[in-house]
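# Report on the structure
Single-letter residue listing:
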Amino acid sequence: MSLNPVRPWRNIDRRPSRRIMVGNVPVGGGAPISVQTMTNTLTTDVAGTLGQVLAAAEAGADIVRVSTPDEESTRALREIVRGSPVPIVADIHFHYRRAIEAAEAGAACLRINPGNIGSPERVREVVKAARDHGCSMRIGVNAGSLERHLLEQYGEPCPEAMVQSGLDHIKLLQDLDFHEFKISVKASDVFLAAAAYQALAEVTDAPLHLGITEAGGLMTGTVKSAVGLGFLLWMGIGDTIRVSLSADPVEEVRVGYEILKSLGLRHRGVQIISCPSCARQGFDVIKTVEVLEKRLAHIKTPMSLSIIGCVVNGPGEALMTDVGFTGGGAGHGMVYLAGKQSHRMDNDRMVDHIVEQVEAKAAELEAARAAQAQAAE
Ligand code: SF4
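Thresholds, definitions, all that
- Residues numbered from 1 in each chain as written.
- Predicted model: local features only at pLDDT ≥ 70, side-chain atom pairs only at ≥ 80, totals over all residues.
- Heavy atoms only, no water.
- UniProt positions renumbered as here; feature names shortened; annotations may be inferred.
- Helix = DSSP H or I, 4+ residues; strand = E, 2+ residues; numbered from the N terminus.
- Contact = heavy atoms within 4.5 Å.
- 1 Å grid on protein atoms, 1.4 Å probe; cavity = no way out; pocket = protein on both sides within 12 Å on 5 of 7 lines; lining within 4 Å.
- Points joined across faces, edges and corners; volume = space filled by probe spheres on them.
- Nonpolar A, V, L, I, M, F, W, Y, C, P; charged D, E, K, R; others polar.
- Domains from an automatic or database assignment.
- Near = heavy atom within 4 Å.
- Salt bridge = Lys/Arg side-chain N within 4 Å of Asp/Glu carboxyl O.
- Buried < 20%, exposed > 50% of the residue type's maximum accessible area, 1.4 Å probe, protein only.
- Core = buried A, V, L, I, M, F, W, Y, C linked by side-chain atoms within 4.5 Å.
- Axes fitted to C-alpha atoms, helices over the stretch in contact; angles between N-to-C directions.
- Parallel < 35°, antiparallel > 145°, perpendicular 65-115°, else oblique.
- Left-handed = near helix turned anticlockwise from the far one by under 90°.
- Arc of directions from axis to C-beta.
- Polar contact = N/O pair within 3.5 Å; in protein donor to acceptor, adjacent residues only side chain to side chain.

### Focus on the UniProt feature "binding site: [4Fe-4S] cluster" (unreviewed entry) in the protein
- UniProt's feature table lists "binding site: [4Fe-4S] cluster" (unreviewed entry) at Cys-275, Cys-278, Cys-310 and Glu-317, given in the numbering used throughout.
- Among the secondary structure elements, Cys-275 is positioned in the loop between β11 (270-274) and α10 (285-295).
- Excluding its chain neighbours within four sequence positions, the residues that come into contact with Cys-275 are Val-285, Ile-307, Ile-308 and Gly-309.
- By the secondary structure assignment, Glu-317 is in helix α11 (residues 314-318).
- When near neighbours in sequence (up to four residues on either side) are disregarded, Glu-317 contacts Ile-273, Ser-306 and Ile-308.

### Side note on the layout of surface pockets
- The calculated volume of the largest pocket comes to roughly 810 Å³.
- Along its surface, the largest pocket is lined by 25 residues, and Arg-254, Glu-258, Lys-261, Glu-293 and Ala-297 are the ones closest to its centre.
- Those elements that place two or more of their residues in the lining of the largest pocket are α1 (46-58), α9 (249-262), β11 and α10.
- No other element matches the seven residues that α9 contributes to the lining of the largest pocket.
- Residue composition of the lining of the largest pocket, by class: eleven nonpolar, four polar and ten charged.
- In this structure, the lining of the largest pocket is formed jointly by two domains, domain 1 (14-263) and domain 2 (270-376), each of which donates at least three residues.
- By volume, the second largest pocket amounts to about 650 Å³.
- Around the second largest pocket sit 21 residues that line it, and Arg-10, Lys-261, Gly-264, His-267 and Gln-271 are the ones nearest its centre.
- In terms of residue class, the lining of the second largest pocket is made up of eight nonpolar, nine polar and four charged.
- Looking at which domains feed residues into the lining of the second largest pocket, each of domain 1 (14-263) and domain 2 (270-376) supplies at least three.

### What to know about empty space enclosed by the protein
- Throughout the structure, instances matching the rule amount to one cavity of 30 Å³ or more.
- Roughly 40 Å³ of volume is contained in the largest cavity.
- As for the largest cavity, its lining consists of Asn-113, Asn-116, Gly-140, Val-141, Asn-142, Ser-145, Glu-147, Ser-165 and His-169.
- Only β7 (136-142) and α6 (159-174) provide two or more residues apiece to the lining of the largest cavity.
- Broken down by element, the residue count for the lining of the largest cavity peaks at three residues, all from β7.

### Here we look at the site of the ligand
- The immediate surroundings of the ligand are formed by Cys-275, Ser-277, Cys-278, Arg-280, Gln-281, Ile-308, Gly-309, Cys-310, Val-312 and Asn-313.
- Broken down by class, the residue content of the shell around the ligand amounts to five nonpolar, four polar and one charged.

### Brief notes about the pattern of salt bridges
- In the structure shown here, the tally under the stated rule is 19 salt bridges.
- The partner of Arg-98 in a salt bridge is Glu-101, with the nearest N and O atoms 2.9 Å apart. Taken as a pair, Arg-98 and Glu-101 lie in helix α3 (residues 96-104) at a separation of three residues, close to a single helical turn. Per residue, the accessibility class of Arg-98 equals that of Glu-101, and both read buried.
- The salt bridge involving Glu-366 is made with Arg-369; its shortest N-O contact spans 3.6 Å. Here the residue Glu-366 and the residue Arg-369 both occupy positions in helix α12 (residues 350-376), the gap between them amounting to three residues, near one helical turn.
- Taking relative accessible area as the criterion, Arg-369 reaches 44% and is therefore assigned partly exposed.
- Linked through salt bridges whose partners overlap, the residues forming this network are Arg-14, Arg-15 and Asp-239.

### Quick notes on the nonpolar core
- Residues Leu-110, Val-126, Met-137, Met-162, Leu-210 and Leu-233 are the most contacted members of the largest nonpolar core, which totals 78 residues.
- It is helix α7 (residues 190-203) that contributes the most residues to this core, seven residues altogether.
- Every residue in contact with Leu-233, bar those within four places of it in the chain, is listed here: Ile-12, Ile-33, Leu-210, Gly-238, Ile-241, Ile-259, Leu-260, Leu-263 and Leu-265.
- Membership of the second largest hydrophobic core comes to 22 residues, among which are Ile-299, Met-303, Val-323 and Val-355.

### Looking at the packing of helix α2 (residues 71-83) against α3
- Following both chains from N to C, one finds α2 and α3 inclined at 15°, their axes separated by 8 Å at the closest point. Judged by the inter-axis angle, α2 sits roughly parallel to α3. In this structure, α2 crosses over α3, and the sense of that crossing is right-handed. Of the residues in α3, those touching α2 at Glu-71, Thr-74, Leu-77 and Arg-78 are Arg-98, Glu-101, Ala-102 and Glu-104.
- In terms of residue class, the contact of α2 with α3 is built from two nonpolar, one polar and five charged.

### Remarks on α10
- Those residues of α10 that fall on the buried side of the exposure criterion are Val-285, Thr-288, Val-289 and Leu-292. Along the axis of α10, the buried residues cluster in a sector spanning 95°; they form a single face. Exposed and oriented more than 90 degrees from the buried face of α10 are Ile-286, Lys-287 and Lys-294.
- Contact partners of the buried residues in α10: β11, β12 (303-308) and α12.
- Between a side-chain oxygen at the N-terminus of α10 and the backbone nitrogen of Ile-286 the separation is 3.4 Å; the capping residue is Asp-284.

Okay, structure coming up:
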């Protein structure tokens, strides 16, 4: 629960769920909502895959998933796990041997539907491998690949059929006394995914992995994911998220973080508050923000920056941000620090100056955090 006694309308009461571990990352049970992505290189290309894993981790990914469709991939997985700074999830479809190999190779989690891998004996073997190697699992129900008997029973992919599919897979694990799993019920349709997750949230305490699958390209997929995941997260539903985009995995991580940041559920890096700009603007707001987003991408410390074209909204926004710049003068604007008017700055030097101010503020916040941590020891 994120309690905000001053602004209760910002509170999100998170659905209680039990906690599992994906490697060293807790999922559920009130843990911070983790951000995931998936590599799109061939897993057998260890260097290429590790390159994507590192880039995603640098952008803030807490967990990264890789496909392991064949034995060569599970062999490569060992090296990928060794070189990765974040837990690796192995994506398995149907082949139970791949699951066992992935667990042995050090995967932190197996994305697998136990009902799809054949005999009860195979399920038992996979669960044993997961248990022996400290692996959790993710049951991944997808509206596009529901079991035939459920489609016949329900007529089409619908929330009830998706939840039933999830419960059937859950039962197979629970019957073996295995509870280290999370579950997803993804669909490319926002209504279907949202209804399925809401219904699922009522019938299990397992942590939920949220996603709008096959959401589309960077722009359309971002909007769709923000609507679907944003709605569910606002309802308090969801313990880990993956934004699925036909785009670089780093973009998925960025979008995931932005969704969480906009709901106050995670904080990372500089949150830029900027106006759309209009004829009143005292400088080129759009270009400035574009440049600043790039130049401040390396800052991981959570903080806020307002870049506002004129005094109509500038001073008000600056009151609530760590660093602010408001245009309005002839060729210059006003810099605000910690919500207070500080000094004038020429427009043509303001980008470098703001980067310096933000870096200084980040260093100050980090030093304060380190001192606090030391005092608590
Ligand atoms: S803050 Fe000023 S420049 Fe920005 S949109 Fe509003 S009126 Fe226009």
